[in-house]
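Observations on chain architecture
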Amino acid sequence: MELTGKNYLIVGGSSGIGLATAQLALARDAGVEIIGRSADKLKAAAQKLGSDRLVTTPLDMTDESAVRAFFASKPDASIDALVISASNAVHGPFETAQTADIERMFASKFMGPFMLAREALPKLRDGGAITFFSGVLSRRPGRNGAGLTAVNAAVEGLSRALALELGPRLRVNTVSPGMAKTDAYAKMPDDQRDAMFKSVAAGLPVKRVADAADIAEAAIYLSTNRFTTGHVLDVDGGHLIAG
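Rules and cut-offs
- Throughout this description, residue numbers start from 1 for each chain and increase along the sequence as written.
- Per-residue local features are limited, in this predicted model, to residues with pLDDT of at least 70; the limit for side-chain atom pairs, both in listing and counting, is 80 or more; totals at the level of whole chains, interfaces and linings are taken over all residues.
- Values reported for side chains reflect all heavy atoms of the structure, with hydrogen atoms and water molecules removed beforehand.
- Relative accessible area decides the class of each residue, using a 1.4 Å probe on protein chains only: under 20% of the type maximum gives buried, over 50% gives exposed, and in between gives partly exposed.
- Only DSSP runs of H or I with at least four residues qualify as helices, and only runs of E with at least two residues qualify as strands; both kinds are numbered from the N terminus onward.
- Two strands make a pair as long as DSSP finds a minimum of two bridges between them.
- Orient the strands so they point away from the viewer; a crossover is then right-handed if the path from the first strand over the helix to the second runs clockwise.
- Angles shown run from 0 to 180 degrees and are taken between the N-to-C directions of axes, each axis being a line fitted to C-alpha atoms and, for helices, limited to the stretch in contact.
- Should an angle fall under 35 degrees it is called roughly parallel, over 145 degrees roughly antiparallel, and 65 to 115 degrees roughly perpendicular, with every other angle called oblique.
- Throughout, a crossing is termed right-handed when the near helix is turned clockwise from the far one, and left-handed when it is turned anticlockwise from it by less than a right angle.
- We call two residues in contact whenever any of their non-hydrogen atoms come within 4.5 Å of each other.
- Charged means Asp, Glu, Lys or Arg here, nonpolar means Ala, Val, Leu, Ile, Met, Phe, Trp, Tyr, Cys or Pro, and polar covers whatever is left, Gly included.
- The rule for a salt bridge is simple: a side-chain nitrogen of Lys or Arg has to be within 4 Å of a carboxyl oxygen of Asp or Glu.
- One less than the number of residues in a helix, times 1.5 Å, gives the span that helix is expected to have.
- Both site types are read off a 1 Å grid over the protein atoms alone. A 1.4 Å probe that fits but cannot get out defines a cavity, while an open set with protein on both sides within 12 Å along at least five of seven lines defines a pocket; lining residues have an atom within 4 Å of a point.
- Grid points are joined across faces, edges and corners, and a volume is the space filled by probe spheres set on the points.
- Each aromatic pair joins two rings of Phe, Tyr and Trp (for Trp, the six-membered one) with centres within 6.5 Å, and gets the label stacked for planes under 30 degrees apart, edge-to-face for over 60, and tilted for any other angle.

**Thoughts on the pairing of strand S4 (residues 79-84)**
When you tally the buried positions in S4, you get six out of six residues, the bulk of the element. Summarising the sheet, strand S1 (residues 7-11) and S4 pair through four bridges and their orientation is parallel. Within the sheet, the bridge partner assigned to Val-11 lies in S4 and is Ile-84. Across four bridges, S4 lies against strand S5 (residues 124-133) in parallel orientation. Note on S5: the bridge partner recorded for Val-83 is Thr-131. Regarding the hand of the β-α-β motif, the stretch spanning S4, helix H4 (residues 99-120) and S5 is right-handed.

Quick look at the structure:
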């Protein structure tokens, strides 16, 4: 589907799945603004994307006053799709989980998207869409991920509630990815990261982990299909049915 004349606001668009979503939206002729905390990452993303239909804006989505000021500067009804892929994940045993770490994760993965969606409302055009991101752990928890399981489930609950409250003017959905090759694992030693990917892939029906582009396609679909709302779209390679 061509997106000519559509305007996408992609939060977390300077890397990983957000960057892949921006790339796909631009390839389909949309105008795109990407938001991220790091000006350096935004600059690198702009160089990679290389489009005159791209705008980059540094913003910390967990800073409520900054989020309000950002949207206050936008014309009403100027955004067709809000895609929020930015997040922060915390792993580790429940018994040693640090409250501050879990609070930071909730601030990034739940409260940030909550505030963005709320402040964006008058700026979204009728018929527009909000797309959140959760993760496969919301419905198939693993060990050492209780906090991440909980925040993913919270995002999905918010999405369903907003689909009811904001419809029919807006549609609200969630992408639930499985493991993907993104910058989230960049700090791992190469051999450990490759071994992890191979181990996860071996247990999936598709026998591979996702590329960021696989997940981006789902985000674009949810932003464009006019009869899809209140939905959690699993893009997990069959993780939920794997033994």
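**What about the packing of H4 against helix H5 (residues 146-166)?**
Where H4 contacts H5, the axes come no closer than 10 Å and their chain directions differ by 15°. Relative to H5, the element H4 lies roughly parallel. Relative to H5, H4 is oriented so that their crossing is right-handed. Counted together, Ile-102, Met-105, Phe-106, Lys-109, Phe-110 and Phe-114 of H4 and Gly-147, Leu-148, Ala-150, Val-151, Asn-152, Ala-154, Val-155 and Leu-158 of H5 form the full contact between these two elements. When the residues that make up the contact of H4 with H5 are grouped by side-chain class, the tally is 11 nonpolar, two polar and one charged.

**Here we look at unusual backbone geometry**
Backbone torsion omega between Gly-167 and Pro-168 reads 5°, so that peptide bond is classified as cis. Its place among the elements puts Pro-168 in the loop between H5 and strand S6 (171-177). Positive phi, normally seen in glycine, also occurs at Asp-29, with a value near 80°. Note on placement: Asp-29 falls in the loop between helix H1 (16-27) and strand S2 (31-36).

**Some remarks on the pattern of salt bridges**
The final tally for this structure, using the stated rule, is 14 salt bridges. Between Asp-76 and Lys-123 there is a salt bridge, and its shortest N-O distance comes to 2.8 Å. Linking Asp-76 in the loop between helix H3 (64-72) and S4 with Lys-123 in the loop between H4 and S5, this pair joins segments that are 47 residues apart in sequence. Here Arg-208 makes a salt bridge to Asp-214, at a shortest N to O gap of 2.9 Å. Owing to a relative accessible area of 24%, Asp-214 belongs among the partly exposed residues under this scheme. Through salt bridges with shared partners, a single network forms among Glu-64, Arg-68, Arg-118 and Glu-119.

**Here we look at helix H7 (residues 212-224)**
With 13 residues, H7 extends 19 Å between its outermost C-alpha atoms, agreeing within 8% with the 18 Å of an ideal straight helix rising 1.5 Å per residue. Taken together, the buried positions of H7 are occupied by Ala-212, Ile-215, Ala-216, Ala-218, Ala-219, Ile-220, Leu-222, Ser-223 and Thr-224.

**Notes on the layout of surface pockets**
Reported here for the second largest pocket is a volume of approximately 240 Å³. Lys-6, Gly-127, Ser-223, Thr-224 and Arg-226 are the residues nearest the centre of the second largest pocket, which is lined by 14 residues in total. At the level of secondary structure, the elements contributing two or more residues to the lining of the second largest pocket comprise S4, S5 and H7. A per-element tally of the lining of the second largest pocket places S5 first, with four residues.

**Some remarks on the packing of aromatic side chains**
Scanning the entire structure with this criterion turns up three aromatic pairs. Seen in terms of ring centroids, Phe-70 and Phe-71 are 5.0 Å apart; in terms of plane orientation they differ by 75°. Their pairing is edge-to-face. Of the residues examined, Phe-70 reaches a relative accessible area of 9% and is grouped as buried. A ring pair is formed by Tyr-185 and Phe-197, whose centres lie 5.7 Å apart and whose planes are at 90°; its orientation type is edge-to-face. Taken together, the positions of Tyr-185 in the loop between strand S7 (180-181) and helix H6 (190-202) and Phe-197 in helix H6 put the pair 12 residues apart, joining distant regions of the chain. Classification of Tyr-185 by relative accessible area gives partly exposed; the value is 22%.

**Looking at H4**
Helix length check: H4, at 22 residues, gives a terminal C-alpha distance of 30 Å against a target of 32 Å (1.5 Å per residue), a fit within 8%. Residues of H4 that are buried: Met-105, Ser-108, Lys-109, Phe-110, Gly-112, Pro-113, Met-115, Leu-116, Ala-117, Glu-119 and Ala-120. Of the surrounding elements, those touching the buried residues of H4 are S1, H3, S4, S5 and H5.

The quantities given are spatial measurements derived from coordinates; they are silent on function.
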